[in-house]
Amino acid sequence: MTSTRDVSADKRSERPDSVDTSISKETSSQFKRRFMVRLVTVFIGGMFLDGYILGIIGPVAGSMRSDLQLDALSLGMIAAGPLAGIFVGSPLAGWATDKFGRKPMFLVDMGLFLVVSAAQFFVTSGDGAVIQLAIIRFFMGVAIGGEYSIGGPLLSEFSPPKLRGRLLGLTLIAWYVGFMMAFIVGTLLHDAGTPWRLVLGTCAILAFVLFLARLGLPESPSWLITKGRREEALAIARKYVESSQMHTSITEEIDLRMIQEAQAAQSGTKIKGASFGMLFSRQYWRTTLFTSGFWFCAVTPYFAIATFADEVLNQFGFGGGWAGGVGLSALAVAGVVTSVLLIDKLGRRILTVPGQWLCAGILLIIGVWGNAPAILVLVLFLAFSYFNAGYTTMTQVYPAEVFPGHLRGIGTGFAAAFSRIGAALGTFALPWAISNIGMGATMVVAAAVALLGAVLSQWLAPETKGRTLAEISANFSH
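First things first, this report covers the structure right here in the doc. (Residues numbered from 1 in each chain as written. Predicted model: local features only at pLDDT ≥ 70, side-chain atom pairs only at ≥ 80, totals over all residues. Heavy atoms only, no water.)

### Some thoughts on the side chain of Glu 157
At step 1: Summarising the element assignment, Glu 157 is placed in helix H7 (residues 128–158).
At step 2: In this structure Glu 157 comes out as buried when scored by relative accessible area, which is 1%.
At step 3: Those residues in contact with Glu 157 that lie beyond four places of it in its chain are Arg 102, Ser 220, Ser 222, Trp 223, Met 246, Arg 408 and Leu 469. (Helix = DSSP H or I, 4+ residues; strand = E, 2+ residues; numbered from the N terminus. Buried < 20%, exposed > 50% of the residue type's maximum accessible area, 1.4 Å probe, protein only. Contact = heavy atoms within 4.5 Å.)

### As for the environment of Phe 381
At step 1: Along the polypeptide, Phe 381 turns up in helix H18 (residues 374–392).
At step 2: For Phe 381, a relative accessible area of 1% puts it in the buried group.
At step 3: Spatially, the C-alpha atom of Phe 381 lies 8.1 Å from that of Leu 363, the residues being 18 residues apart in sequence.

### Looking at the packing of helix H3 (residues 29–55) against helix H8 (residues 161–191)
A pair of packed helices can be characterised by two numbers: the angle between their axes and the separation between those axes.
At step 1: For the pair H3 and H8, the least separation of the axes is 7 Å and the interaxial angle reads 40°. On the basis of the axis angle, H3 is oblique to H8. Read as a crossing pair, H3 and H8 show a hand that is right-handed. The residues of H8 that touch H3, namely those facing Met 36, Val 40, Phe 43, Ile 44, Met 47, Phe 48, Asp 50, Gly 51, Tyr 52, Leu 54 and Gly 55, are Leu 167, Leu 170, Thr 171, Ala 174, Trp 175, Val 177, Gly 178, Phe 179, Met 181, Ala 182 and Val 185.
At step 2: In the contact of H3 with H8, the residues fall into 17 nonpolar, four polar and one charged. (Axes fitted to C-alpha atoms, helices over the stretch in contact; angles between N-to-C directions. Parallel < 35°, antiparallel > 145°, perpendicular 65-115°, else oblique. Left-handed = near helix turned anticlockwise from the far one by under 90°. Nonpolar A, V, L, I, M, F, W, Y, C, P; charged D, E, K, R; others polar.)

### Details of the nonpolar core
At step 1: Membership of the largest hydrophobic core comes to 122 residues, with the highest contact counts inside it found for Met 64, Phe 158 and Tyr 176.
At step 2: The dominant element in this core, judged by the number of residues it contributes, is H7, at twelve residues.
At step 3: Non-local contacts of Phe 158, meaning those with residues more than four positions away in its chain, are made with Phe 35, Met 36, Leu 39, Pro 218, Glu 219, Ser 220, Pro 221, Ile 236, Tyr 240, Val 241 and Met 246. (Core = buried A, V, L, I, M, F, W, Y, C linked by side-chain atoms within 4.5 Å.)

### Focus on the pattern of salt bridges
At step 1: One pass over the structure, following the stated rule, counts eleven salt bridges.
At step 2: Across the pair Glu 157 and Arg 102 runs a salt bridge whose closest N-O atoms are separated by 2.9 Å. On the criterion of sequence distance, the pair formed by Glu 157 in helix H7 and Arg 102 in helix H6 (residues 102–119) is long-range, its members being 55 residues apart. Here Glu 157 and Arg 102 have matching classes, each one buried.
At step 3: One salt bridge connects Glu 232 with Arg 229, and the closest N-O pair in it is separated by 2.9 Å. (Salt bridge = Lys/Arg side-chain N within 4 Å of Asp/Glu carboxyl O.)

### Examining the packing of aromatic side chains
Aromatic ring pairs: the centre-centre distance and the angle between the two ring planes describe each pair.
At step 1: The full count for this structure, using the stated rule, is 19 aromatic pairs.
At step 2: Between Phe 48 and Tyr 52 the ring centres are 6.4 Å apart and the planes differ by 25°, which places this aromatic pair in the stacked class. Of the two residues, Phe 48 and Tyr 52 both sit in helix H3, four residues apart, roughly one turn of that helix.
At step 3: On the basis of relative accessible area, Tyr 52 is assigned to the buried category, the value being 7%.
At step 4: Relative to Phe 294, the ring of Phe 290 has its centre 5.6 Å away and its plane inclined at 0°; by these criteria the two rings are stacked. Placement of both Phe 290 and Phe 294 in helix H14 (residues 285–307) is noted, with a separation of four residues, approximately one turn of the helix. Here Phe 290 matches Phe 294 in class, with each residue buried.
At step 5: One aromatic cluster is present, built from ring pairs that chain together Phe 31, Phe 35, Phe 158 and Tyr 240.
At step 6: The ring of Phe 106 has Arg 214 sitting right over it, with the charged end atom 3.6 Å from the ring centre. (Phe/Tyr/Trp six-rings, centres within 6.5 Å; stacked < 30°, edge-to-face > 60°. Lys NZ or Arg CZ within 6 Å of the ring centre and 35° of its normal.)

### Description of the environment of Ala 332
At step 1: Its location among the elements puts Ala 332 in helix H16 (residues 322–346).
At step 2: For Ala 332 and Ala 383, which are 51 residues apart along the polypeptide, the C-alpha to C-alpha distance reads 9.2 Å.
At step 3: In contact with Ala 332, other than residues within four places in its own chain, are Tyr 176, Tyr 302, Ser 385 and Ala 389.

### Here we look at helix H10 (residues 203–214)
At step 1: Between its first and last C-alpha atoms H10 spans 17 Å; for twelve residues at 1.5 Å apiece the expected length is 16 Å, and the two agree.
At step 2: All of the buried residues in H10 are Cys 203, Ala 204, Ala 207, Leu 210 and Arg 214. In an axial view of H10, the angular spread of the buried residues amounts to 125°, which keeps them on one side of the axis.
At step 3: Looking at the packing, one finds that the buried side of H10 touches H3, H6, H7 and helix H9 (196–201).
At step 4: Looking one or two residues beyond H10, the residue adopting positive phi is Gly 216, at roughly 85°. (Expected span 1.5 Å × (residues − 1). Arc of directions from axis to C-beta.)

Keep in mind that these numbers describe shape and distance, not what the molecule does.
Here's what the structure looks like:
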């Protein structure tokens, strides 16, 4: 009797004439390394652009307010536009990239960046300006959300297991650098008298460069396998993939797909395509719960505290300024860098679980110790910023690893969208909470959110270090 693995091997050996010979030939190691550097650069560049777009509005907010006569509500609509766009764009782009492919959607997403970035040059004055800017910033958020759910899966599907965590984690560093560079560039240009439309439009330059750099990138072998295009996947692997681990991973994914197809044929059913309903099926609900819940609990307290750092620290008797603005941001970057350096050595779980328990304890101490010395409160907030950023790095890694290939985009997109609910709650609820229940009780609530993330991760966070994507999705999806 022929086994499903024998069937897999037989079908892998088929070589239909339809395979493009231009991608089936073997290439040099130098060519493959150049390709990997290019792929990592264009994705990291996209995340840099995400941070830049969100940060560039800060230095020119005053000029926009006076030029367009904006009230606080109008300025808030413009600033919050990307947040709403990310909430919509992440799951939508995730569904599209699982259906139509990583390659076309990766280019379409940067094309959207380019169009809406350039549109900022042409914003008119008068009553329509607020609506125009709000729409433009919303679609920028859609593009940012798409970058999460398209770029992460694509990079993970080409990255060797021994480097995958580090490469995915680098994207968060790029986001922080982009955000800080936006502040620097925006401030310098604003101080030089540059009109605010030109300052906002500077992101179009980077979007144009990245759009050109993404032209000609290949399709993901993992996505091709989910569509039954196995020979194309093997051809792309021969041309672009150097790592022997990645070749093994691609072979394992083909075998797994063959087994699924054989089982479906025996039961007289079809393998279902990606859908939001599948994320909550008996097989994948744990994956969805972990990635979405962990991401939500990681960003909710951070967005609240970082956004209102000066006000929070002032409530505890310590002035803001350098300590609130630069200190928390610098420690956050240090936390991300630490995780990126250690992730492929120590593993994901040890960098995910203990830090959340520690941050829950830190926030609880701040909340219940009402008369704590101001310097101690500052140290505790700085420690929270460092450790929180360390495990938040895993939000860029886990979704791109634990979902199977046919759900990797939509699963990552859903988790990113769910995390934006937490970001919005943290940002908008903190001022209300401080006024109505007090700072101490507010910090206790933040501690409870961090505690929930710790419990969830203690229960569900897998160890994926050094494992192929096929191994991870087979073992983690119950």
